[in-house]
Amino acid sequence: KNQVEQSPQSLIILEGKNCTLQCNYTVSPFSNLRWYKQDTGRGPVSLTIMTFSENTKSNGRYTATLDADTKQSSLHITASQLSDSASYICVVSRRGLRFGAGTRLTVKP
Amino acid sequence: GAVVSQHPSWVICKSGTSVKIECRSLDFQATTMFWYRQFPKQSLMLMATSNEGSKATYEQGVEKDKFLINHASLTLSTLTVTSAHPEDSSFYICSARLRGSNQPQHFGDGTRLSIL
């Protein structure tokens, strides 16, 4: 079983709408938890990073939350844009990186 | 800062050919570089970890004689896929990191390898 599970697997929303992506993990404790954005055919780009003790971190329209008790993290995207169409990957760092399989987000006009 | 460049970005070659992929850290010295493989709609899978001047450490199931890794300098690591076959077709991504396991990994833009 993967140590980092993401849901949904894919998501389609209309431009301007908000959405929330989920990440459940079993890795504990960990050094940090990151959310990455990966455009098709490109490498991952870091959006947010949170340490074990942090609850929330924002980067523009992206807000990540972390609940260490339930071992859940979420990435909230506000006022989505067409350029937000990408895969979003949850990555937990503990003696190496544990990758989730990602959520494929499609934003339609 | 923290730019990692991969070359080539896309390569198509015949079965049996050996292919070399370069990974360079452009504005920092990377003591550790990582090589990942990503199949369609799947997550990144770590293939090997290389420390400058040392032999690479391969993950279980990754053939070290097929995927040759050289990390001869603090800014360059290469992955050579020897005698590539169609099943080696994938998206190969490198990342680079400063010394220390808590340092972030910076990813390259990947290399799309297609073996005919």
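Calculation rules
Residues numbered from 1 in each chain as written. Chains lettered and ligands numbered in written order. Predicted model: local features only at pLDDT ≥ 70, side-chain atom pairs only at ≥ 80, totals over all residues. Heavy atoms only, no water. Pairing = 2+ DSSP bridges. Helix = DSSP H or I, 4+ residues; strand = E, 2+ residues; numbered from the N terminus. Axes fitted to C-alpha atoms, helices over the stretch in contact; angles between N-to-C directions. Salt bridge = Lys/Arg side-chain N within 4 Å of Asp/Glu carboxyl O. Buried < 20%, exposed > 50% of the residue type's maximum accessible area, 1.4 Å probe, protein only.

Asks: Would you explain the pairing of strand 5 (residues 45-51) of chain B in this entry?
Replies: For a regular strand, the rule is simple: side chains alternate between the two faces of the sheet. Residue and element names in this part refer to chain B. Pairing of strand 4 (residues 32-38) with strand 5 involves 6 bridges; the strand directions are antiparallel. From the neighbouring strand, Trp35 faces strand 5, where its bridge partner is Ala48. Linking strand 4 back to strand 5 in an antiparallel pair, the connection comprises 6 residues, with Lys41 at a positive phi of about 60 degrees. Across 2 bridges, the pairing between strand 5 and strand 6 (residues 57-58) is antiparallel. Within strand 6, the residue paired with Ala48 across the bridge is Tyr58. From the end of strand 5 to the start of strand 6, which pair antiparallel, there are 5 residues, and Gly53 there has a positive phi angle of about 85 degrees.

Asks: Could you clarify how one ought to interpret the pairing of strand 7 (residues 67-73) of chain B in this entry?
Replies: All names here are of chain B. Inspection of the sheet shows strand 7 paired to strand 8 (residues 76-81) by 5 bridges, in the antiparallel sense. The residue bridging Phe67 from the neighbouring strand is Val81, located in strand 8. Between the end of strand 7 and the start of strand 8, which pair antiparallel, lie 2 residues.

Asks: Which parts of the structure should I look at to understand the sheet that holds strand 3 (residues 19-25) of chain B?
Replies: In a beta sheet, neighbouring strands are held together by backbone hydrogen bonds and run either parallel or antiparallel to one another. Residues and elements named next belong to chain B. Spatial strand order, 1-3-8-7: 4 strands in an open sheet with antiparallel pairing. The strands lining the two open edges of the sheet, one partner per strand, are strand 1 (4-7) and strand 7. Going from strand to strand, the sheet's axes swing by 15 degrees on average, the running direction of each strand aside. Bridge count between strand 3 and strand 8: 6 bridges; the pairing is antiparallel. Its bridge partner lying in strand 8, Ile21 is registered against Leu79.

Asks: Sorry, what's going on with the pattern of salt bridges here?
Replies: When charged atoms on two side chains of opposite charge get close, those side chains can pair. For the structure on display, the rule yields 5 salt bridges over all chains. The closest approach of N and O atoms between Asp109 of chain B and Arg42 of chain A, which form a salt bridge, is 2.8 Å. Of this pair, Asp109 of chain B sits in the loop between strand 10 (106-107) and strand 11 (111-115) while Arg42 of chain A sits in the loop between strand 4 (32-38) and strand 5 (45-51), placing the two residues on different chains. The exposure class of Asp109 of chain B is partly exposed, given its relative accessible area of 34%. For Asp88 of chain B, the salt bridge is made with Lys66 of chain B, and the minimal N-O distance between the two is 3.0 Å. With Asp88 of chain B in the loop between strand 8 and strand 9 (90-97) and Lys66 of chain B in the loop between strand 6 and strand 7, the pair connects residues that are 22 residues apart, well separated along the chain.

Asks: Quick question: what am I supposed to make of the sheet that holds strand 7 (residues 62-67) of chain A here?
Replies: All names here are of chain A. Strand order in the open sheet formed by 5 strands is 1-3-8-7-6, with antiparallel pairing between adjacent strands. With one partner strand each, in any of the chains shown, strand 1 (4-7) and strand 6 (56-59) form the two edges of the open sheet. Direction aside, the axes of adjacent strands within the sheet are offset by 15 degrees on average. Across 6 bridges, strand 3 (residues 19-25) lies against strand 8 (residues 72-77) in antiparallel orientation. Among the inter-strand pairings, Cys19 is bridged to a residue of strand 8, identified as Ile77.

Asks: How do you make sense of unusual backbone geometry when you look at a structure like this?
Replies: Across residues other than glycine, the phi torsion is negative in most instances, and most of the peptide bonds are trans. Here the residue pair Ser7 of chain A and Pro8 of chain A is connected by a cis peptide bond, since its omega of -10 degrees sits within 30 degrees of zero. Along the chain, Pro8 of chain A falls in the loop between strand 1 and strand 2 (10-14). The backbone of Ala79 of chain A sits at a positive phi, close to 50 degrees, despite the residue not being glycine. Considering the arrangement of structural elements, one finds Ala79 of chain A in the loop between strand 8 and strand 9 (86-93). By relative accessible area, which is 34% here, Ala79 of chain A ends up partly exposed. Although it is not a glycine, Lys41 of chain B adopts a positive phi angle of roughly 60 degrees.

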